Amino acid sequence: VLHKTLVAQLNTCCRLQAMKTAGKNLPKVYITRRIPPDGLKALQQAGSCEIEQWDSDDPVPRSELLKKVSGIHALYCLLTEKIDKEVLDAAGPSLTVVSTMSVGYDHLSLEELKNRGIRVGFTPDVLTEAVAELTIALLLATSRRLIEAVEEAKNGGWGTWKPLWMCGSGLTESTVGILGLGRIGEAIVNRLRPFGVNKFLYNDIAPREELAAKISVDFVSLEELAKQSDFLIVCCALTPETQGMCNKQLFSKMKRSAVFINTSRGAVVNQEDLYHALASGQIASAGLDVTVPEPLPTNHPLFKLKNCVILPHIASATVETRNAMAALAAHNLLAGLKGEAMPKELKL
């Protein structure tokens, strides 16, 4: 055992020495943010690339990004960085891999990446459970008016018991509508079922018959989804087709008692239309984890509404999930540099 340990240590030393000697020839990687430790650890332990990082919790300034990507071979980015023609031109022909620590990829110019033969890694699946959990938490906080109730308890509004004071809507015997039945939609349905929901409906770009049959949800038109849902949960991807689809037409068809929840992307919702629907009592309440822009300015009208709960895009914010995302993005990047199959590659 001692012999094996010594041999392993010697091999490690030799590898490190070889890396140091050949350091200038290692592929260059630029990381656009301070990332969770498991991601950086995976890249460092691989010892197969030269790493430079924007060492801050805040996004890298655009001017700095354009300067630092020059001559790199791989880019590790977050959804706050717009990777477009300008960035790709600044990087030059050496760039072969872009790995984003996100499920969404609307910040990437996919056509430009495809035309240049640049491979793209992303991080689906690992955040499904965390996003589903947060969606349920946001739904309950909104429907049961928890934020309002906390404020009332703090500011002296808690007086004598009143039969209808702070009453919200319950899930038991309700109809829940899912807009976008993917992995997260499925996880949400599975978590809501024990609450005694009477019926689950969904709408998507096309029926997901196999999945829908497995979890007992019924496909309906978008109009019927709006009309029938007591709780309408948006968890679809942002695409040209879904951009702004939750608008005054949709809200006008919803029940006055309906609760609207969005944990997908802010741009799926027309926020001005949502504001008017909430302010006029057209729908009962809304819970948002995503907005346009992010962060939402503190003087935005939606913040003034008691029936709107807004979170700062924290759906995947568990330590375990963020580390898993960071590590997956790292492994995608390393595999791409080697010309191997990525654990999770976006097909362009």
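Criteria and cut-off values
Residues numbered from 1 in each chain as written. Predicted model: local features only at pLDDT ≥ 70, side-chain atom pairs only at ≥ 80, totals over all residues. Heavy atoms only, no water. Pairing = 2+ DSSP bridges. Helix = DSSP H or I, 4+ residues; strand = E, 2+ residues; numbered from the N terminus. Contact = heavy atoms within 4.5 Å. Axes fitted to C-alpha atoms, helices over the stretch in contact; angles between N-to-C directions. Salt bridge = Lys/Arg side-chain N within 4 Å of Asp/Glu carboxyl O. Buried < 20%, exposed > 50% of the residue type's maximum accessible area, 1.4 Å probe, protein only. Domains from an automatic or database assignment. Buried area = accessible area lost by both parts, 1.4 Å probe.

**Considering the sheet that holds strand β6 (residues 175-179)**
Logical step 1: In spatial order, the strands read β8-β7-β6-β9-β10-β11-β12; together these 7 strands make up an open sheet with parallel pairing. The sheet is open, and its two edges are formed by β8 (218-219) and β12 (308-310), each paired on a single side.
Logical step 2: Relative to β8, strand β7 (residues 199-203) runs parallel, the two sharing 2 bridges. What sits directly across from Leu-201, in β8, is Asp-218.
Logical step 3: Its contacts with the sheet place helix α12 (residues 271-279) against β10 (259-262), β11 (285-288) and β12, and it is angled at close to 145° to β11.

**A few points about the pattern of salt bridges**
Logical step 1: Counted under the stated rule, the structure contains 19 salt bridges.
Logical step 2: Notably, a salt bridge pairs Arg-34 with Asp-55, separated by 2.9 Å at the nearest N-O pair. Of this pair, Arg-34 sits in the loop between β1 (28-31) and α2 (37-46) while Asp-55 is found in the loop between β2 (50-53) and α3 (62-68), placing the two residues 21 residues apart along the sequence.
Logical step 3: Since its relative accessible area comes to 39%, Arg-34 is described here as partly exposed.
Logical step 4: Residue class for Asp-55 comes out exposed when judged on its relative accessible area of 51%.
Logical step 5: Across the pair Glu-345 and Arg-119 runs a salt bridge, and its minimum N-O distance is 2.9 Å.

**Side note on the domain arrangement of the protein chain**
Logical step 1: Here the domain parsing of the protein chain yields domain 1 (1-122 + 321-346) and domain 2 (127-155 + 163-310).
Logical step 2: Each of domain 1 and domain 2 has a C-alpha centre, and these two points are 36 Å apart.
Logical step 3: Each side of the interface is counted separately: domain 1 has 6 residues, and domain 2 has 5 residues.
Logical step 4: Regarding the contact of domain 1 and domain 2, the summed buried area is about 510 Å², with carbon and sulfur atoms giving 65% of it.
Logical step 5: Among the residues domain 1 hides against domain 2, the three largest losses belong to Val-103, Asp-106 and Thr-321. Together they make up 67% of the total.
Logical step 6: Across the domain 1-domain 2 interface, the total number found is 1 salt bridge.
Logical step 7: Among the ionic pairs, Arg-265 bridges to Asp-106, the shortest N-O distance being 3.3 Å.

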